[in-house]
Amino acid sequence: MDRSASSPRTLALLVAALLVVSAAPADPVRGAGSALIGYGTATIDGRIAPAEWDRAARLTIELALPVPGSPEVVPAAFLVMNDATNLYAAVQIGRPIAYASMSVAFDSDGDGTFREVGDDLIGGSIDEDGESRFFDGAFVRCPAGTPGTCGVADTETSPSAPTAGTTDGAAAALRSGGLDVIETSHPLDSRDDSRDASLSAGDTVGFTLDIQLIDAALGLPCASAACGSSTSATGRLSVAASAATVRPGPSARATATRPADGTTWVAGHSVVTLTGGPETASLTYWTAPLTRGGPRTTGSGDASGMRVVSGTRTVVDITASGTTVLRYFATAHDGRPGAWHSITVRVDATRPEAMDPVASAFVQGAVLGEASSLVTWEPVDAISGVAYSTLEESTDAGRHWTRIETKSHRVRRRMELGTWYAYRVRVVDAVGNKSVWKYGRWMKADIMEATTSTVSLAGRWTPVTDADASGGSLLRAAGTDATASVRVFGSAVAVVMPTGPDHGSAIITVDGHATAVPLGGPAADRRIVWSGSWSTATWHAVTIGVGYGPGRVDLDAIATLAPSRPTDLAMQAASGRVEAERLPASTSGGAATAGPFVQPEPADLLGHWTGEGQLAWRPIEPGMLDLGVPVPHGRFRAVIFVSKGPDYGVVEMHMGGSPTQTVDLYAPSLRRYALYVDTIDQSDPLGRGDMYLSFAVTGKNPASTGMAVGVDLIMLAPIP
């Protein structure tokens, strides 16, 4: 603003400010002795907007305000920065003041003497009415015979400046939120070189900062040093060439070649390279888990785990599963900090989980013998999410498996009646982590034909030969009082009846609960018109009767799904060999660095481990590893092949709940080791997973570097 527009009162205050400043001793200002440098652009509106001045150089100032009877220290901050065009300076005062001014005088000719003729001065003020002013001047010579300088002039002429100058820049002040803020801008290199400092990137110029406060309690106007508080400080200001910048570099590992910028998940860990520009002297960064409320950091400088690295490049290896925020900035050689940046890195180093698969139900509405059985399991992955499941099916005691890949966790399967089926499932997450194989119990679909003597009939039923019916025949109700009853064992039950436009309805009662089932509609044979399932296999009472309305009612069969108790359980009926990595595993205690997981066989053990490798667990404190081992009816001798190695622990082995032996698994190099169990007596097996093989980790050999456990193979030899 041109000073010619200022009010007389404001001019008096400005003159008072300059007089007080020139007379007052220089108070110490922390950090004023070093060159100030900051890079950024401000909007001159009297507001310190969020992040607007984050890259500015900052001085902390305390102003003693001699209010009569209650002297006070008012905190303030001086901020300065530049962009390619303008120099920005601001002062933030800790409470509203009746009158406040800020002025910055430059040693324009660089001779080390301030307030000489021609030296540039800029500033701004805010008065008791909240009105702001901007001043842009140059020190002028006093009249002839008077030494020193006499005030400032820029837009006016004077004996020492016979031509008028220009007002270059702007100021805005605002009283808000309990603070007074004055913001100013001034061109680095204006057109008025005779009165303005001419600066460019890389220049350093001396300056004096003057701040004056006048409190309303002291009375206005006022033109003496006793009116308020003034502070002067001398320092140097460097013009920044650019902001100190830093950028995330490419991943350094094949497992994290996809961008670690929050757009995708990576497996295991993410390696992020931070690279600064040529001005960078050091890099500062930290990582924090991303929570619902944001990163667990409270500000720049007080976060746990902050790292400062000298140089222009560093590599950050993020291994924590989940979403992590990486925050970082660069600091230039002259101490100028760059802007804060952050990227979001998503790492999934955790195996997904799956519940045991089970043939759990019949599909109502399906045709018996087609895809009428439902196989279900529950995949769980709370990090990157489940990508797909690999379901495998076996009908020969686990010697051969047929793969079924699906993204769903329920699959319709055709099960041949009277055939034992087993299912196993492995879940794969979005980045390729695989769960251990989970095995379901052996299941068999059985059929009870309506025409067999096991079905109890009441009322009138007529046997009918029908080539399309299950077993080639069915029963037809010959009266409304006809009922058929049967007791069946299983975890799923299905009632099979034909449907068609000339069929009526049936009343199906299972365990006392009745359901009316319409049989009309398109013609279909061997239709599952009702199905039910339960979590355990038990006996169920089923009754089929004639419903309301016209039309015939035919009963074809009742189907069941039930778990098996065959002597040829999976993977050991023919050979007596059970691969440990295929078994369901659980742990308790022993906070682990990894596992349980399937560890592939290393090259130096090639041919020693069997199957896909071994089941490994790496606890860091004592704990328990449990494996569910399928053991059929009978008595057996067992050989358990485990591993010894330089980071293995001391374990107590339990079979069927009873401790059998304690063994130190430490060895200088990795190798396989056989543990023998004399007798396993399994007189009443409950099915798959009915015997637990447990390893209680109790500690480690002093020479060992860990407490790992690895199980390769269980061999079962029948005892006659």
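Here the structure is shown first, and the text comes after it.
Residues numbered from 1 in each chain as written. Predicted model: local features only at pLDDT ≥ 70, side-chain atom pairs only at ≥ 80, totals over all residues. Heavy atoms only, no water.

**Student:** Please clarify how the overall build of the protein chain should be interpreted in this entry.
**Tutor:** What the protein chain contains, in helices and strands, is one helix and 50 strands. Counting every position in the protein chain, which comprises 720 residues, the buried fraction comes to 50%. The contacts in the protein chain between residues at least 6 apart in sequence include a share of 70% that link residues at least 24 apart. Working note: accessible area of the protein chain is about 31,300 Å², and carbon and sulfur atoms make up 52% of it. (Helix = DSSP H or I, 4+ residues; strand = E, 2+ residues; numbered from the N terminus. Buried < 20%, exposed > 50% of the residue type's maximum accessible area, 1.4 Å probe, protein only. Contact = heavy atoms within 4.5 Å. Areas by Shrake-Rupley, 256 points an atom, 1.4 Å probe, with all protein chains shown as cover.)

**Student:** Explain the side chain of S531 here, please?
**Tutor:** Locating S531 in the fold gives a position in strand 37 (residues 524-546). On the accessibility criterion, S531 (18% relative accessible area) is buried. A distance of 3.2 Å separates a polar side-chain atom of S531 from the backbone oxygen of F362. In contact with S531, other than residues within four places in its own chain, are F362, Q364, V493 and A494. (Polar contact = N/O pair within 3.5 Å; in protein donor to acceptor, adjacent residues only side chain to side chain.)

**Student:** Teacher, can you tell me more about the sheet that holds strand 2 (residues 72-82) here?
**Tutor:** Within a sheet, neighbouring strands are paired by backbone hydrogen bonds and run either parallel or antiparallel to one another. Read across the sheet, five strands follow the order 1-2-3-9-8 without closing on themselves; strand pairing throughout is antiparallel. Only two strands of the sheet have a single partner each, and these edge strands are strand 1 (57-65) and strand 8 (170-176). In this sheet, adjacent strand axes meet at a mean angle of 15° when their direction is disregarded. When strand 3 (residues 86-93) meets strand 9 (residues 179-187), the two strands line up antiparallel, connected through eight bridges. Looking at the pairing, A89 lines up with T184 of strand 9. (Pairing = 2+ DSSP bridges. Axes fitted to C-alpha atoms, helices over the stretch in contact; angles between N-to-C directions.)

**Student:** In this structure, what is going on with the pattern of salt bridges? I would like to understand it.
**Tutor:** Once their charged atoms are close, side chains differing in charge can pair, the charge on each being opposite to the other. All chains considered together, the criterion is met by 12 salt bridges. Here E416 ties to R414 by a salt bridge, and the two come within 3.5 Å at their closest N and O atoms. Here D446 makes a salt bridge to K444, at a shortest N to O gap of 3.9 Å. The partly exposed category is assigned to D446, whose relative accessible area is 31%. Taking relative accessible area as the criterion, K444 reaches 19% and is therefore assigned buried. Via salt bridges that share partners, R476, D502, R552 and D554 belong to a single interconnected network. (Salt bridge = Lys/Arg side-chain N within 4 Å of Asp/Glu carboxyl O.)

**Student:** Looking at this structure, how should I read the sheet that holds strand 23 (residues 373-376)?
**Tutor:** Across the sheet, three strands lie side by side as 22-23-27; this open sheet has antiparallel pairing. Two strands lie at the open edges of the sheet, namely strand 22 (358-362) and strand 27 (410-413), each paired on one side alone. When strand polarity is set aside, the average angle formed by the axes of neighbouring strands in this sheet is 35°. Summarising the sheet, strand 23 and strand 27 pair through four bridges and their orientation is antiparallel. Of the residues in strand 27, the one forming a bridge with V375 is V411.

**Student:** What should I look at first to understand the packing of aromatic side chains in this one?
**Tutor:** Pairs of aromatic rings are described using the distance from one ring centre to the other and the angle between the two planes. Counted according to the given criterion, the structure contains three aromatic pairs. Residues Y421 and Y423 carry aromatic rings whose centres are separated by 6.4 Å and whose planes lie at 10° to one another, so their mutual orientation is stacked. Assigned by exposure class, Y421 and Y423 land together as buried. Here the aromatic rings of F489 and W539 are separated by 5.4 Å at their centres, their planes lie at 65°, and the arrangement is edge-to-face. Highlighted residues: F489 in strand 34 (residues 483-499) and W539 in strand 37, separated in sequence by 50 residues. On the accessibility criterion, F489 (35% relative accessible area) is partly exposed. (Phe/Tyr/Trp six-rings, centres within 6.5 Å; stacked < 30°, edge-to-face > 60°.)

**Student:** In this structure, what is going on with the environment of E449? I would like to understand it.
**Tutor:** Structurally, E449 can be placed in strand 30 (residues 443-449). Residue E449 is classed as buried on the basis of its relative accessible area of 17%. When the C-alpha atoms of E449 and I558 are compared, they prove to be 6.5 Å apart, with 109 residues separating the residues in sequence. Side chain to side chain, E449 and S470 meet in a polar contact 2.8 Å long.

**Student:** I tried to follow the side chain of S505 on my own but got confused; where do I start?
**Tutor:** Residue placement: S505 occurs in strand 35 (residues 505-510). On the basis of relative accessible area, S505 is assigned to the buried category, the value being 16%. Among the polar contacts made by the side chain of S505, one reaches the main-chain carbonyl oxygen of Y548 at a distance of 2.9 Å. If we ignore the near neighbours within four places in the chain, the residues touching S505 are V517, P518, L519, V546, G547, Y548 and V553.

**Student:** Just to check I follow, could you spell out unusual backbone geometry for this structure?
**Tutor:** What you tend to see is this: most non-glycine residues have negative phi, and most peptide bonds are trans. Phi angles above zero are rare outside glycine, and A51 is one such case at about 70°. Tracing the backbone shows A51 in the loop between helix 1 (8-23) and strand 1. Accessibility expressed as a relative area gives 54% for A51, which makes it exposed. Located in the positive-phi region is R526, a residue other than glycine, with phi close to 55°. Within the fold, R526 resides in strand 37. Judged by its relative accessible area of 26%, R526 is partly exposed.

**Student:** Which parts of the structure should I look at to understand the environment of T60?
**Tutor:** Assignment of secondary structure puts T60 in strand 1. T60 sits 15 residues away from P75 along the chain, and the two C-alpha atoms are 7.6 Å apart.

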